[in-house]
Amino acid sequence: MMKELIEKAKNTHSLDKNEIISLLSCNDYDEEIFTAADCIREKYVGNEVYLRALIEFSNACLKDCKYCGLRCSNNNIKRYNLDENEILNCVENAVEFGYKTIVLQSGENNAYSVSKLCKLIQKIKEFDVALTLSIGEKSIEEYKSYKAAGADRFLLRIETSDENLYKQMHPKSDYKNRINCLKNLKTLGYEIGTGCLVGLPNQSIESLADDILFFKEIESDMVGIGPFISHPQTPLSCTPNGDLVLAVKVMALTRLLLPNINIPATTAMETLAKNGQLFALQSGANVVMINFTTDDFKNDYNIYPNKSSANPLSIAENLESINRLVKMSRGNSLSWEKKNK
Ligand code: SF4
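Every chain's residues receive numbers from 1 upward, in the order its sequence appears when written. Given that the model is predicted, a residue must reach a pLDDT of at least 70 before its local features are reported, and side-chain atom pairs must reach 80 or more before they are shown or counted; all residues, however, enter totals for whole chains, interfaces and linings.

I would appreciate a short explanation of the pairing of strand β6 (residues 222-227) in the present structure.
Two faces make up the sheet, and in a regular strand the side chains alternate between them. We call a residue exposed when 12 or fewer other C-beta atoms sit within 10 Å of its C-beta, buried when the count reaches 20 or more, and partly exposed for counts in between; the C-beta positions come from the backbone. Strands here are runs of E lasting at least two residues and helices are runs of H or I lasting at least four, both read from the DSSP assignment and numbered beginning at the N terminus. Judged by how many residues are buried, β6 sits mostly within the fold: 6 of 6 residues are covered. By the alternation rule, side chains of β6 split into Met222, Gly224 and Gly226 and Val223, Ile225 and Pro227, which are all buried. By the bridge criterion, 6 bridges tie strand β5 (residues 191-198) to β6 in an arrangement that is parallel. Each residue of the ladder has a partner; that of Thr194, found in β6, is Val223. Any two strands with at least two DSSP-identified bridges between them are counted as paired.

In this structure, what is going on with the site of the ligand? I would like to understand it.
Should the C-beta atom of a residue, placed from the backbone, lie within 6 Å of a molecule or strand, that residue is near it. Contacts to the ligand come from Cys61, Lys63, Cys65, Cys68, Leu70, Arg71, Gly107, Glu108, Gly136 and Ile303. The residue classification treats Ala, Val, Leu, Ile, Met, Phe, Trp, Tyr, Cys and Pro as nonpolar and Asp, Glu, Lys and Arg as charged. All others, Gly included, are polar. By residue class, the composition of the shell around the ligand is 5 nonpolar, 2 polar and 3 charged.

Got a minute to help me understand the nonpolar core in this structure?
Inside soluble globular proteins, nonpolar side chains tend to come together where they are buried. Residues Ile55, Ile102, Leu131, Met251 and Leu253 are the most contacted members of the largest nonpolar core, which totals 97 residues. With 9 residues, helix α10 (residues 244-257) is the single largest residue contributor to this core. Put simply, a nonpolar core is buried Ala, Val, Leu, Ile, Met, Phe, Trp, Tyr and Cys residues tied into one set by C-beta atoms within 7 Å.

Please explain α10 as it appears in this structure.
The periodicity of an α-helix, 3.6 residues per turn, causes residues three or four positions apart to be oriented the same way. For a helix, the expected span equals 1.5 Å multiplied by the residue count minus one. The end-to-end C-alpha separation of α10 is 20 Å, in line with the 20 Å expected for 14 residues at 1.5 Å each. Most of α10 is tucked away: 12 of the 14 residues are buried.

I'm lost on unusual backbone geometry in this one. Help?
Glycine aside, the phi torsion of most residues is negative, and most peptide linkages are trans. Although it is not a glycine, Asn275 adopts a positive phi angle of roughly 70 degrees. Phi is positive for Asn323, which is not a glycine, with a value near 60 degrees. Relative to the helices and strands, Asn323 is located in the loop between α14 (315-320) and β8 (325-327). Take Asn323: there are 8 C-beta atoms within 10 Å of it, and that puts it in the exposed class.

Structure follows, in structure tokens:
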């Protein structure tokens, strides 16, 4: 029965909710699921791994997500906002290493006005790179301005598609607004990325199955999945960490159902277990983000503790060890290219 479901996912890229639940609930066929996802990854997006340069330019945040060390209620954190020159220095460093995609990430804040951020985007685009923003929920007008300034992609993880759980975890956020933001970004022509946390308290297998179906329904071009990691300065300090294998399984099933999207091997996977990212890359992932935030600030972007950081100098060697190659291209998602031809 399970083997048939895996074959069905491999051949049709379609499973219903009960079928996903069956695969997530049974641990006896995990290897087969990982191998199938690896095979579909190779067939659709090839053996190359796209590298992205991540710049965490501000850790200020107005939101209060229960799992996150950057939440506004956490007073035990040194807040920072990099200025334009500091950000451009990080970009220049990444470009010198050959990077063709820059990811600008921050907490959700108003530290940068729309015009200031647009000016920064224009300056970054002069480096001839693809630019991804990960700055949270904004109005459609704001998203429009950033797109006009040159931003190409936007990451906005739903974190959980279970509205009740979403409310419990995000006291200062509105689930429907987040969905609207994703829809607006799509309408504006962004390549969109979403994703979820695996291992939140009160999260069921059913809700994880819904998450996978949500990624398909919203037609996400990128999906990032992270195991929950408990942060000591949050209300979830006593909640056990999520399970790496379950997180990779959610990711592998996502690959089977959305074969031509980009899927990162997330830093949280490596933080939870050594070689967690290599495990993910052999189970459906095809992207790795390398942190180019200056060392003075890197440790203050403390969403969860002991965040791992892949080394730009050793990444190629690590990838070669699993017969994968570094690809220094913009690495657009094939799903987005297909829709925007
Ligand atoms: S998850 Fe994002 S929006 Fe929520 S508190 Fe952390 S940085 Fe802010």
